[in-house]
Amino acid sequence: MIYRAFFYSFFPLIFLNTLSGQSYPSSMFAVRNSNTVIGPVGPASPVSSNANGPFSKGAVGFDVSPLGVGLELTTNLGRHLNLRTSGSMFSHPINFTTNGFRADAQLRLASAGTSLDIYPFGSAFRVSPGILFYNQNRLTAVSMIAGGSSFTLDGDTFYSANANQATGATPLSGRALLSLHTTRPAFSITGGWGNPLTHRGHWSFPVEAGVAFVGSPALHVKLAGWACHDQAQTQCADIANPDNPIALQVQSDLNAEVSKWTKTSIH
């Protein structure tokens, strides 16, 4: 599953680079790599060495994935079945310019889920269906367009108005939210190798890869301020004015642009 060219027209392009060059359409890809010492990494010996029943063993681990840096807690339910709960977080600022918009963005990842680790062959190989019950993965951005600067929407060029106390004109500004959690809770499935509860040493290095079906990304963009048809700023309007043709064109072009980004993201 891949998030595609949705990111090519606006700020989300940087998001793809942040996630190690991967892209994700209606699912979120998660991978753990033992070469970087990621989890679960922790005590692998049972909490209670004299018991073999459910919840008689436990392990604490740390992991790194495209969802961020996280903590895992694992306990046993049966001979070939473990219960694992994990949570991950990550935050990173992103600055870029596109179509005349200079955006200051913040990538915020926060998620938590529970899965069943099934060892069907009694070996270290496992299949892990689960639920991502908490998902606040998102990208937020704010943008200011200096007065007199141009920007484009749906192929049309406009100009941000200069501040003018007499008319009340203000330069254009924008806010955007890219949500990566339109399906909540989300089903997840992973496959991997390693069982921290049967490892004989104090450290184990399991690996796994899989997907969580978080739904297609949702994009919300809002512009405020004044925009002009011409650089000389003889034809300007507050884009919040529902009766002004310039404002109506800006809003129409914005809706068309957002629609194109959204359709591109799910194909």
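As a starting point, this report considers the structure included with it. (Residues numbered from 1 in each chain as written. Predicted model: local features only at pLDDT ≥ 70, side-chain atom pairs only at ≥ 80, totals over all residues. Heavy atoms only, no water.)

**Details of the packing of aromatic side chains**
In total, this model carries four aromatic pairs according to the counting rule given. Plain terms: the ring middles of Phe121 and Phe125 are 6.1 Å apart, the flat faces sit at 25° to each other, and that makes the pair stacked. Judged by its relative accessible area of 66%, Phe121 is exposed. One aromatic cluster is present, formed by Phe101, Phe151 and Phe158 through successive ring pairs. (Phe/Tyr/Trp six-rings, centres within 6.5 Å; stacked < 30°, edge-to-face > 60°. Buried < 20%, exposed > 50% of the residue type's maximum accessible area, 1.4 Å probe, protein only.)

**Some words on the state of the cysteines**
Across all of its chains, the model carries one disulfide by this definition. Shown here is the disulfide that connects Cys228 with Cys236, its sulfur atoms set 2.0 Å apart. On the S-S bond that ties Cys228 to Cys236, the torsion sits near 105°, and the link is right-handed. Assessed through its relative accessible area of 0%, Cys228 is described here as buried. Take Cys236: its relative accessible area is 24%, and that puts it in the partly exposed class. (Disulfide = S-S within 2.5 Å.)

**A few points about the pattern of salt bridges**
For the structure shown, the criterion picks out seven salt bridges. A salt bridge links Asp117 to Arg84; the shortest N-O distance between them is 2.8 Å. Within this pair, whereas Asp117 is found in strand S5 (residues 101-118), its partner Arg84 is found in strand S4 (residues 81-98), the two being separated by 33 residues in sequence. By relative accessible area, which is 0% here, Asp117 ends up buried. (Salt bridge = Lys/Arg side-chain N within 4 Å of Asp/Glu carboxyl O. Helix = DSSP H or I, 4+ residues; strand = E, 2+ residues; numbered from the N terminus.)

**A look at the sheet that holds strand S8 (residues 150-153)**
The sheet built from four strands is open, its strands ordered S8-S9-S14-S15 with antiparallel pairing. Each edge of the sheet is formed by a strand with only one pairing partner; in this case those strands are S8 and strand S15 (236-238). Mean inter-strand twist for the sheet, computed between neighbouring axes without regard to direction, equals 40°. Pairing between strand S9 (residues 156-160) and strand S14 (residues 226-228): two bridges, direction antiparallel. Bridging from a neighbouring strand, Ser160 pairs with Ala227 of S14. (Pairing = 2+ DSSP bridges. Axes fitted to C-alpha atoms, helices over the stretch in contact; angles between N-to-C directions.)

**As for the layout of surface pockets**
If you add up the space inside the largest pocket, you get close to 300 Å³. Lining the largest pocket we find 15 residues, and of these Gly78, Arg79, His80, Asn195 and Thr198 sit closest to its centre. Taken together, the elements giving at least two residues each to the lining of the largest pocket come down to strand S3 (68-78) and S4. Grouping the amino acids of the lining of the largest pocket by side-chain chemistry returns four nonpolar, nine polar and two charged. (1 Å grid on protein atoms, 1.4 Å probe; cavity = no way out; pocket = protein on both sides within 12 Å on 5 of 7 lines; lining within 4 Å. Points joined across faces, edges and corners; volume = space filled by probe spheres on them. Nonpolar A, V, L, I, M, F, W, Y, C, P; charged D, E, K, R; others polar.)

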